[in-house]
Amino acid sequence: MPRSKKFRRARLIVILLAVMLVAGLAGGGWWAADTVRSSFPQVSGTVKVPGMSAPVDVVRDDKGIPQLYADTDADLFRGQGYVQAQDRFWEMDVRRHITAGRLSEMFGSGTVEKDSFLRTMGWRQVAQKEWDTTLSEETKRNLTAYTEGVNAWLAEHPGGAGASVEYALLGAVNSGYTPEKWDPVDSVAWLKAMAWSLSGNMQEEIDRSLLTQNFTTEQIAQLYPDYPYDRNGTIVKTGKVVTDGTYTPGEGATVPAQPGSAAAVTTAQARAVTQQLLGDLSGKMGEMPQLLGPNGQGIGSNSWVVSGANTTTGKPMLANDPHLGPGMPSIWYQMGLHCRAASAACTYDTAGYTFAGMPGVVIGHNKDIAWGFTNLGADVTDLYLEKVTGPDTYLLDGKDVKFTVRKETIKVAGGSDRTITVRTTQDGMPMISDQSSEDQKIGSYAPAGNAAPDRAAGYGVALRWTALVPGKTMDAVFKLDKASDFTTFRAAAQDFAVPAQNLIYADTKGNIGYQAPGLIPVRGKGDGRYPAPGWDSTYAWNANYLPFKSLPYAYNPPEGYIVTANQAVVDDTYKPLLTKDWEYGTRAKEITDQIQSKLKNGGKISLNDMQSMQLDNTSVLAKELVPLLLKVQIDDPYVREAQDLLKDWNYHQDADSAAAAYYNGVWRNLLMLSFGQKFPADLRVEGDCLLVRQKRDNTLPDDALGGAAQAVTECGTRKPSLAQPDGGDRWMEVVRQQLADPKSPWWDYIDSNHQQQHGLDKLLAEALKDARQDLTSRLGKDISTWSWGRLHQLTLQEPTLGTDDSSIASTAVHKLLNRGPYKMSGGSAAVDATGWNAAAGYDVDWIPSMRMVVDLSDFDASRWINVGGASGHTFHPNYNDQTDLWAKGELLPWSYTKDAVTKSGKNTLTLTAG
């Protein structure tokens, strides 16, 4: 829809406003400074908050991190809502519009596709159903109190006036926007965003299907190799699922008391809900708001716990650093929630990380236990090929069945309403291919089996996903915050439905543990790697999901430590299917090796050791690849000069390392030559244009240009965050396996003269040459000035107004809201996982979103850091005051006890009854 002159004029006003703000702040202009500072929260004195039964003290340290003290649970969460709104309400407001599919009400026509995606998924409706039918009364009381606190703050800022600079910017293009009151369901819906970004292998299903355009299923299997169980191991020693379905841990582990069993969730229950909620998706994965990071690409995180027998303190230590997409403000919010005295009316004493807009603490510790998360990666999404037989029918078991059809209306600021039509199957699965050209290609190319109906113009594609079944994850958060031992910890984990996570545990009595929770489907036929035939009901999910008692866990394993870094949880002797698409265990093996090295000959692990292990930036594959690169005979002194950088390199990817820069340049070009050249446009990054010849069949041709077929120019269409080959853990395993065969067809490539070449040695020489040219163009001819940090940079962007595709994007707005770039150490599949997509460039798109190390012998000795800061207000002293420390790998002291909090406190605000 063309923008009006009025809109364009308003956009110019916004740009001028941003320029004036930036210039005014830089020069001390009173108007600009007053505009910005008026939104800063009050952090001392007294504020009246309606509903408070007694005063709540909010103690902030010099980083603005709040620690709350109250006499009742209701007052504690009421205070949490008020304080989070003080710091982050713009972020909270945008998030609830995302999860409800209502972004266009704020930002206009540019977000209609995003709203279509989310409205048809029905995140908000599922959250409402959870509120209505599944959540406990205690959880609902806590959410209600939190909501009252948010709305108390909002009442002080009617219409968003003075709430933040972003509202001033938005008002220039959408003057009619007024924030609505907060609702408890707004908080619950955020869990669906977590689940989407951590939802397993949906992207892998899509990619495998699109690869069938060029390759056989056997060749695709080489690009998705089996997990290396022997080399990289599993999280727990695989136990057994006995006759009654109960999991028994592997040899040597302690068996604790079992939590009470929960009622099974049935397909019938899911069907009743999802038929109301599921809708059509846009199918354009790159257009989806990336709240936690690009879906499916390099999802990672590290956590490990070491028993007291192996530490210098004699008590366990626990480390965690979830890897998520970067942004401003930080995705995490640090805080403490403390009852002044434990009682029946006040039951919480916890501190850690949560999300703005959600009560409780998600990751952290209380007075008895500590816990951390990494993504389990369970396959909880399945694509189904559907044979569409008419406008409103599809084939199922030989009969035509009617779709359920509904319409959704999207309100658009400054424009006309948009109405979308949604078709769902009788199981409530949305036909995602209705509006997505990519998903239409899935239907055209995905393997369908010999007994499939006539493909004709292709099949439709439907999606099934566990997060659209109402669950109790919000209950689990509050139960974790109060858990006191492994039994109550597991009882909390039992309610953690989505996203499925690896939960690690330690307690002050010296115990350590692990639990795999989550709503995991039980399939009929099929393993979830490729789209299943929807016309055959034997491929449907079974009536019951995998019972919690069957899920793997460990308690005080004989090794004395547990490492979770997205590797396989168990080996393939564990019969219930969790997934076929594990991460490949590179980080987990590196962490495990470091722990074992430090424990060698009776050594002990200190808190400093735990912190330093988080900063390990070793490139593990470089240890195998660099010796091969150094053996390549290079005649050109210009290229040989760069090759020599790899001599005596220690494989550390430090920001100031020239060798790390060149190695990663070689790695990127190796991937482009061996794999990227051969991939269909649907997987290559947009703008990556290649001269190709049309292929006559789905095999790797002798001539990578396809023999004598006609040459055409073919440009990539993928968003950078999802393009392939991305160079992550899987690609390192692919290359490692292919290195064993120097004549592998994957080493065939087209050189810069458009000539066909064969063999590993030639390809490595070409990658060395191309990387020299690539880095020269980016960093200059003088290799003494090269460094990995100059290539590998992080920019923290505000995700709504601070991006290039924002409706009010401008350089001035970027300077106002964004921070960076920062020169980064680390890399993909390193423990210090500053991930980057090799298909798109070197910029950082995944980061350790926070780091924490918990000392169970003295919680006040624990340490933590966030990427940005506590505040969501640009130019506030706590907006990004932790970023430089985080980038250097430093951690802050983490006060927990009242004495420590008081000693580190800088400001105290008291919230009193209104």
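What you see is a predicted model; the values in this text were computed from it and never measured.

Bringing the overall build of the protein into the picture now. Helix and strand counts for the protein come out as 27 helices and 35 strands. Counting all 914 residues of the protein, 63% fall into the buried class. On the protein, roughly 32500 Å² of surface is accessible, and the fraction owed to carbon and sulfur atoms is 50%.

Turning our eyes to something else, we now look at the packing of helix α6 (residues 123–134) against helix α9 (residues 184–197). Two quantities define a packed helix pair, namely the angle between the helix axes and the distance between the axes. Contact geometry for α6 and α9: axes closest at 8 Å, N-to-C directions at 125 degrees. Classified by the angle between their axes, α6 and α9 sit oblique to one another. Between α6 and α9 lies a crossing whose hand is right-handed. Counting all contacts with α6, which are made through Trp-123, Arg-124, Val-126, Ala-127, Gln-128, Glu-130 and Trp-131, the residues of α9 involved are Pro-184, Val-185, Asp-186, Val-188, Ala-189, Lys-192, Ala-193 and Trp-196. Tallied by class, residues from the contact of α6 with α9 come to 10 nonpolar, 1 polar and 4 charged.

What follows concerns the packing of helix α21 (residues 658–674) against helix α23 (residues 760–779). Two numbers describe how α21 lies on α23: the axes approach to 8 Å, and their chain directions differ by 125 degrees. In terms of axis orientation, α21 runs oblique to α23. For the pair α21 and α23, the sense of crossing is right-handed. In this structure, α21 contributes Ala-661, Tyr-662, Gly-665, Val-666, Arg-668, Asn-669, Leu-670, Leu-673 and Ser-674 to the contact, and α23 contributes Leu-763, Leu-764, Glu-766, Ala-767, Leu-768, Asp-770, Ala-771, Arg-772, Asp-774, Leu-775 and Arg-778. By residue class, the composition of the contact of α21 with α23 is 11 nonpolar, 3 polar and 6 charged.

A few words now on the sheet that holds strand β21 (residues 532–533). Spatially, the 3 strands line up as an open sheet ordered β18-β12-β21, and their pairing is mixed. Looking at strand neighbours, the two that pair on one side only are β18 (460–465) and β21, the edges of this open sheet. Where strand β12 (residues 381–386) meets β21, 2 bridges bridge the pair, whose relative direction is parallel. Directly across from Leu-385, in β21, lies its bridge partner Pro-533.

Glancing now at the packing of aromatic side chains. Inspection of the entire model under this criterion finds 41 aromatic pairs. Taken together, the ring pairs connect Phe-89, Trp-90, Phe-107, Trp-153, Tyr-167, Tyr-177 and Trp-182 into an aromatic cluster. Against the face of Tyr-638 rests Arg-772, its NZ or CZ located 3.9 Å from the ring centre.

Counting 236 residues, the largest nonpolar core has Tyr-514, Tyr-662, Tyr-663, Trp-667 and Leu-670 as the members making the most contacts within it. The leading source of residues in this core is α21, at 12 residues. Membership of the second largest hydrophobic core comes to 14 residues, among which are Tyr-394, Leu-396, Met-431 and Trp-541.

Applying the stated criterion to the full structure yields 2 disulfides. Across the disulfide from Cys-339 sits Cys-346; the S-S distance is 2.0 Å. On the S-S bond that ties Cys-339 to Cys-346, the torsion sits near -90 degrees, and the link is left-handed. Neither Cys-339 nor Cys-346 differs from the other in exposure class; each is buried. Two residues share a disulfide in this structure: Cys-689 and Cys-715, whose sulfurs sit 1.8 Å from each other.

Relative to the helices and strands, Gln-80 is located in helix α3 (residues 73–99). Looking at Gln-80, the relative accessible area reads 0%, which means it is buried. The contacts of Gln-80, once residues within four sequence positions are left out, are Leu-68, Tyr-146, Met-335, Leu-337, Thr-354, Met-358, Pro-359 and Gly-360.

With that settled, the discussion passes to the sheet that holds strand β14 (residues 393–396). Taking strand neighbours across the sheet as the criterion, the 3 strands line up as β13-β14-β15 in an open arrangement whose pairing is antiparallel. The strands lining the two open edges of the sheet, one partner per strand, are β13 (388–390) and β15 (399–402). Ignoring strand direction, the axes of neighbouring strands in this sheet form an average angle of 45 degrees. As judged from the 4 bridges shared by β14 and β15, these two strands associate in the antiparallel manner.

A word on the side chain of Glu-408. Mapped onto the elements of the fold, Glu-408 is located in strand β16 (residues 404–410). Among the residues examined, Glu-408 registers a relative accessible area of 14% and is labelled buried. Within the local environment of Glu-408, its side chain forms a polar contact with the side chain of Arg-406, the two groups lying 2.6 Å apart. Setting aside residues up to four positions removed in sequence, Glu-408 forms contacts with Arg-119, Gln-125, Arg-418, Thr-419 and Ile-420.

Parameters at a glance
For every chain, the first residue of the written sequence is number 1, and numbering continues from 1 onward in sequence order. Residues qualify for local features only when their pLDDT is at least 70, as the model is predicted, and side-chain atom pairs are given and counted only at 80 or more; totals for whole chains, interfaces and linings, by contrast, use all residues. Based on all heavy atoms of the structure, the side-chain values leave hydrogens and waters out of the count. Runs of H or I in DSSP of at least four residues are treated as helices and runs of E of at least two as strands, each being numbered from the N terminus. Burial here depends on accessible area, computed with a 1.4 Å probe over protein chains only, as a share of the maximum for the residue type. Under 20% is buried, over 50% is exposed, and the range in between is partly exposed. Method for areas: the Shrake-Rupley scheme with a 1.4 Å probe, in which residue coverage is limited to the protein chains shown. Here an axis means a line fitted to C-alpha atoms, over the contact stretch when the element is a helix, while the angle between two N-to-C directions is reported on a 0 to 180 degree scale. With respect to orientation, any angle under 35 degrees is reported as roughly parallel, any angle over 145 as roughly antiparallel, any angle of 65 to 115 as roughly perpendicular, and every other angle as oblique. We call a crossing left-handed when the near helix sits turned anticlockwise from the far one by less than a right angle, and right-handed when that turn is clockwise. Here, residues are in contact when the closest pair of their heavy atoms is within 4.5 Å. Gly falls in the polar group here, along with every residue not listed as nonpolar (Ala, Val, Leu, Ile, Met, Phe, Trp, Tyr, Cys, Pro) or charged (Asp, Glu, Lys, Arg). Whether two strands pair depends on DSSP finding at least two bridges between them. Between 30 and 60 degrees the pair is tilted, below 30 it is stacked and above 60 it is edge-to-face, where a pair is any two Phe, Tyr or Trp rings, Trp via its six-membered ring, whose centres lie within 6.5 Å. For a lysine, the NZ atom is tested; for an arginine, the CZ atom; a charge sits over a ring if that atom is within 6 Å of the ring centre and within 35 degrees of the ring normal. Side-chain atoms within 4.5 Å are what join buried Ala, Val, Leu, Ile, Met, Phe, Trp, Tyr and Cys residues into a set we call a nonpolar core. Cysteine sulfur pairs qualify as disulfides if the two atoms are within 2.5 Å. Under the rule applied, a polar contact is a pair of N or O atoms within 3.5 Å (in protein, one hydrogen donor and one hydrogen acceptor; residues adjacent in sequence only if both atoms are side-chain atoms).

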